[in-house]
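Here is how the chains run, residue by residue.
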Amino acid sequence: MNSVVRHIAIERQVSQEISQDDFRDAMRQLTGGVSVITAGRGRDISGMTVTSVSSLSVDPPALIVSVSWGASSWPLLKRYGFIGVNILASDQIDIAERFAGKDGLKGAERFASAEWTTRASGVPLLVGALAAIDCEVEEIVERHSHAIVIGRVLDLQLSTRTAALAYWQGQYVAIARDEDAVRLAEVSVPCSRG
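Source: prediction; values computed, not measured.

Chemist: What's the story with the side chain of Asn 86 in this structure? I'm lost.
Modeler: Relative to the elements of secondary structure, Asn 86 occurs in strand S6 (residues 82–87). A residue is classified by how much of its surface remains accessible, and Asn 86, at 0% relative accessible area, is buried. Only 2.8 Å separates the side chain of Asn 86 from the backbone nitrogen of Leu 126, close enough to count as a polar contact.

Chemist: I keep staring at the nonpolar core and nothing clicks. Help me out?
Modeler: One recurring pattern in soluble globular proteins is that nonpolar side chains are buried together. Judged by nonpolar contacts, the single largest core of 20 residues is most densely connected at Ile 37, Val 65, Val 67, Leu 77, Ile 83, Ile 133 and Val 149. For this core, the secondary-structure elements that each account for two or more residues are strand S2 (35–41), strand S3 (44–50), strand S5 (61–68), helix H3 (73–80), S6, strand S9 (131–143) and strand S10 (146–158). Here the element with the most residues in this core is S9; it accounts for 4 residues. The next biggest cluster of nonpolar side chains, apart from the first, holds 13 residues, and it includes Ile 45, Ala 96, Ala 108 and Leu 126.

Chemist: Is there a simple way to think about a nonpolar patch on the surface in this case?
Modeler: Together, Ile 18, Phe 23, Met 27 and Leu 30 make up a nonpolar patch on the protein surface, roughly 440 Å² of accessible area in all. Note on placement: Met 27 falls in helix H2 (residues 20–27).

Chemist: What's the story with the pattern of salt bridges in this structure? I'm lost.
Modeler: Opposite charge on two side chains makes pairing possible when the charged atoms of those side chains draw close. Applying the stated criterion across every chain, the model contains 8 salt bridges. In this structure, Asp 91 engages Arg 161 in a salt bridge whose closest nitrogen and oxygen atoms are separated by 2.5 Å. Highlighted residues: Asp 91 in the loop between S6 and helix H4 (93–99) and Arg 161 in the loop between S10 and strand S11 (163–168), separated in sequence by 70 residues. Using a relative accessible area of 33% as the deciding quantity, one classes Arg 161 as partly exposed. Close ionic contact of Arg 152 with Glu 138 constitutes a salt bridge, the shortest N to O distance being 4.0 Å. Of this pair, Arg 152 sits in strand S10 while Glu 138 sits in strand S9, and the two are 14 residues apart along the sequence. Judged by its relative accessible area of 31%, Arg 152 is partly exposed.

What counts as what
- All residue numbers here refer to positions counted from 1 along the written sequence of the relevant chain.
- This being a predicted model, a pLDDT of at least 70 is required before a residue's local features are given, and a value of 80 or more before pairs of side-chain atoms are given or counted; all residues contribute to the totals for chains, interfaces and linings.
- Calculated side-chain values reflect all of the structure's heavy atoms, with hydrogen atoms and water omitted.
- Numbering goes from the N terminus for both helices and strands, where a helix is a DSSP run of H or I of at least four residues and a strand is a run of E of at least two.
- Residue burial is assigned from relative accessible area. The probe radius is 1.4 Å, only protein chains are included, and a residue is buried under 20% of its type maximum, exposed over 50%, and partly exposed in between.
- Identification of polar contacts relies on pairs of N or O atoms within 3.5 Å, with a donor-acceptor requirement for protein atoms, meaning one able to donate a hydrogen and the other able to accept it, and with residues adjacent in sequence counted only if both atoms are side-chain atoms.
- Joining through side-chain atoms within 4.5 Å is the link that ties buried Ala, Val, Leu, Ile, Met, Phe, Trp, Tyr and Cys residues into a set, and such a set is a nonpolar core.
- Nonpolar side chains (Val, Leu, Ile, Met, Phe, Trp, Tyr) are joined into patches within 5 Å and like charges within 9 Å, using only residues with over 30% relative accessible area and no salt bridge.
- Surface exposure here means Shrake-Rupley accessible area, sampled with a 1.4 Å probe, where a residue is shielded only by the protein chains that are shown.
- Take a side-chain nitrogen of Lys or Arg and a carboxyl oxygen of Asp or Glu: if they are within 4 Å of each other, that pair is a salt bridge.

Distances and angles like these do not, on their own, reveal function.
Quick look at the structure:
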């Protein structure tokens, strides 16, 4: 097959419509750490549950998060230029669900029944999170229905807790460092060194 014909065949394959449901199902196979992103100051605050946080660099410390333009936090993030990234512990499912909108609460109401603090930027940071990271928005890349937000880390607070909250196949899953490391060691395939 010559290169022109091969290119046309590939183009036809790529241009086929991928259903949103199929894509969502595929992404549910990817296990993601659960975080609550916060934005705003004072009573003008909101937040959302995400699994889209990722490290960008260590030098300087920076991270990436994907934010829907329809999220109530989006206008606050753009207005104030700061975000809080709160990496949830395994026993914080109620907080994850509240910030995912499960109980219908919005804005500042979502922050009730949990303890919050502020650092350099003034965004709310969750006391008791595995890590609470205060970031300045460095750049926003707008694509499709979301924005990729690059946050430069201003400050952070780490917890000594060891069990994280993850999301896999549409459900929350607890991952305990010590317990799960032992279980994985028992069933893992030994790797050859050579």
